[in-house]
Amino acid sequence: MKPVIIISTFPSKQSVTSIAKLLVEKKLVACVNITKISSIYTWEGKIENQNEYLALFKTTKKNQSILKKELKK
């Protein structure tokens, strides 16, 4: 099995923790690493500086497309 890491950000600890637990329970990921980050970006013409949570979803090539669909929900 070829390992794959999917990276995504979330607005709150609660949102990333709940999706991480769900994906581990569904066995779509082996592990999720979560860390708090500061993100600077442009939104609606303004520069924003917000705290977010970065998640590294560790999965397999086989589960990659299913995982992406779950994250989009």
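In short, a report on the structure. (Residues numbered from 1 in each chain as written. Predicted model: local features only at pLDDT ≥ 70, side-chain atom pairs only at ≥ 80, totals over all residues. Heavy atoms only, no water.)

### Observations regarding helix α2 (residues 64–72)
Listed as buried for α2 are Gln-64, Leu-67 and Glu-70. One side of α2 holds all its buried residues, which, seen down the axis, span an arc of 125°. Facing away from the buried surface of α2 by more than 90 degrees, the exposed residues are Lys-69 and Lys-72. If you follow the buried residues of α2, they end up packed against β1 (3–10), α1 (13–25) and β3 (46–60). (Buried < 20%, exposed > 50% of the residue type's maximum accessible area, 1.4 Å probe, protein only. Helix = DSSP H or I, 4+ residues; strand = E, 2+ residues; numbered from the N terminus. Arc of directions from axis to C-beta. Contact = heavy atoms within 4.5 Å.)

### Observations concerning the pattern of salt bridges
For the structure shown, the criterion picks out two salt bridges. Between Glu-70 and Lys-26 there is a salt bridge whose closest N-O contact spans 3.2 Å. Taken as a pair, Glu-70 in helix α2 and Lys-26 in the loop between α1 and β2 (31–43) lie far apart in primary sequence, 44 residues in all. Look at Glu-70 and you get buried, because its relative accessible area is 13%. Among the salt bridges present, the one from Glu-70 reaches Lys-73, with a minimum N-O distance of 3.2 Å. Residues participating in the shared-partner salt-bridge network are Lys-26, Glu-70 and Lys-73. (Salt bridge = Lys/Arg side-chain N within 4 Å of Asp/Glu carboxyl O.)

### Comments concerning the pairing of β3
Along any regular strand, the residues point their side chains to alternate faces of the sheet. Pairing between β1 and β3: eight bridges, direction antiparallel. Bridge pairing in β3 links Ile-6 to Phe-57. Where β2 and β3 come together, 13 bridges link them in antiparallel fashion. Bridged to Ile-40 within β3 is Asn-49. From the end of β2 to the start of β3, which pair antiparallel, there are two residues, and Glu-44 there has a positive phi angle of about 50°. (Pairing = 2+ DSSP bridges.)

### Things to note about the environment of Val-4
In this fold, Val-4 is placed in strand β1. Between the C-alpha atoms of Val-4 and Thr-60, which are 56 residues apart in sequence, the distance is 5.1 Å. If near-sequence neighbours (up to four positions away) are discounted, Val-4 is found in contact with Phe-57, Lys-58, Thr-59, Thr-60, Lys-61 and Gln-64.

### Regarding α1
Spanning 13 residues, α1 covers 18 Å between terminal C-alpha atoms, matching the ideal 18 Å at 1.5 Å per step. All buried positions along α1 are accounted for by Val-16, Ile-19, Ala-20 and Leu-23. Within α1, the buried residues cover an arc of 105° as seen down the axis, which keeps them to one side. Residues of α1 that are exposed and angled more than 90 degrees away from the buried face: Lys-13, Gln-14, Lys-21 and Glu-25. Lining the buried residues of α1 we find β1, β2, β3 and α2. Of the residues trailing α1, Lys-27 is marked for its positive phi of about 60°. (Expected span 1.5 Å × (residues − 1).)

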